Structures are given as C-alpha cells and as structure tokens.
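Spelled out from the first residue to the last, the chains are:
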Amino acid sequence: MLKDLGINGGTLIACLLMGYFVIKWAVKNAILEAHYSITGEKSEEEKMVERMMEEDEERRREAAEEHAARKEAKKAAKRAKE
C-alpha cells in the first residue's frame, strides 16, 4: 500500500509524528482559549510570556537609548575635532 502512495515507512512515521504534535498543539491551545473565555483568567504560561515580552521591550528601549547616546557622543567628538 505504501509503495502505491510512493512513500516508505520512515516517511510515514515522520508524517504521523508531525500530525500527532500538530493536533496536540491545537487541542492544548483550544483548551487554554476556552478556559480563558469561561473564567477570564490567563494561564501561568501566558502570564510568563507577557512578563518576558515586557522585559524584552524594556531591554530594547534601554539598548536604543544607549545606542542613541553613543551616536550623539560620536557626533560631538567629530565636531570637536573639526
């Protein structure tokens, strides 16, 4: 039967595993979404992701400010040389 489809056993197992994990991920997300819509509470995982995103945003803002300060310092040093 697999020869008729043009695939071998390893490919079939790989496809079945991918299908399993995709379905598992979809069911998990559906359950979390239903829980949030019923209770209005976010899961610990969602709270952790939000905290990580806020921290990342803060780090990016600080890095942008540092970069702008370095850029201004370079411009000022260049002007001082002239």
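Note that this is a predicted model, so its numbers are computed, not measured. (Residues numbered from 1 in each chain as written. Predicted model: local features only at pLDDT ≥ 70, side-chain atom pairs only at ≥ 80, totals over all residues. Heavy atoms only, no water.)

## A word on the overall build of the chain
Move 1: A count of helical and extended segments in the chain gives three helices and zero strands.
Move 2: The linear arrangement of helices and strands in the chain, starting from the amino end, is α-α-α.
Move 3: Taken over the C-alpha trace, the chain has a radius of gyration of 26 Å; the compact-globule value for 82 residues is 12 Å, which it surpasses by more than 25%.
Move 4: Counting the 82 residues in the chain, one finds 1% classified as buried.
Move 5: Total accessible area on the chain is roughly 7,800 Å²; 61% of this is exposed by carbon and sulfur atoms. (Helix = DSSP H or I, 4+ residues; strand = E, 2+ residues; numbered from the N terminus. Rg over C-alpha atoms; globule rule 2.2 N^0.38 Å. Buried < 20%, exposed > 50% of the residue type's maximum accessible area, 1.4 Å probe, protein only. Areas by Shrake-Rupley, 256 points an atom, 1.4 Å probe, with all protein chains shown as cover.)

## Considering the pattern of salt bridges
Move 1: With the rule as written, the count across this model stands at five salt bridges.
Move 2: We note a salt bridge from Lys42 to Glu50, for which the minimum N-O separation is 2.4 Å.
Move 3: Owing to a relative accessible area of 32%, Lys42 belongs among the partly exposed residues under this scheme.
Move 4: With a closest N to O distance of 3.8 Å, Glu44 and Lys47 form a salt bridge. With a gap of three residues between them, Glu44 and Lys47 both fall in helix H3 (residues 44–81), about one helical turn apart.
Move 5: Look at Glu44 and you get exposed, because its relative accessible area is 56%.
Move 6: Classification of Lys47 as partly exposed rests on a relative accessible area of 36%. (Salt bridge = Lys/Arg side-chain N within 4 Å of Asp/Glu carboxyl O.)

## Description of the packing of aromatic side chains
Move 1: Throughout the structure, instances matching the rule amount to one aromatic pair.
Move 2: On the numbers, 5.0 Å between centres and 75° between planes, the contact of Tyr20 with Phe21 is edge-to-face. (Phe/Tyr/Trp six-rings, centres within 6.5 Å; stacked < 30°, edge-to-face > 60°.)

## A word on a nonpolar patch on the surface
Move 1: On the surface, a nonpolar cluster with roughly 530 Å² of combined accessible area is contributed by Met1, Leu5, Ile7, Leu12 and Leu16.
Move 2: Tracing the backbone shows Leu12 in helix H2 (residues 9–39).
Move 3: Classification of Leu12 as partly exposed rests on a relative accessible area of 32%. (Patch = residues over 30% accessible without salt bridge, like charges linked within 9 Å, V, L, I, M, F, W, Y side chains within 5 Å.)

## Re the environment of Leu17
Move 1: Within the fold, Leu17 resides in helix H2.
Move 2: The class for Leu17 is partly exposed, based on a relative accessible area of 47%.
Move 3: Between the C-alpha atoms of Leu17 and Arg79, which are 62 residues apart in sequence, the distance is 63 Å.

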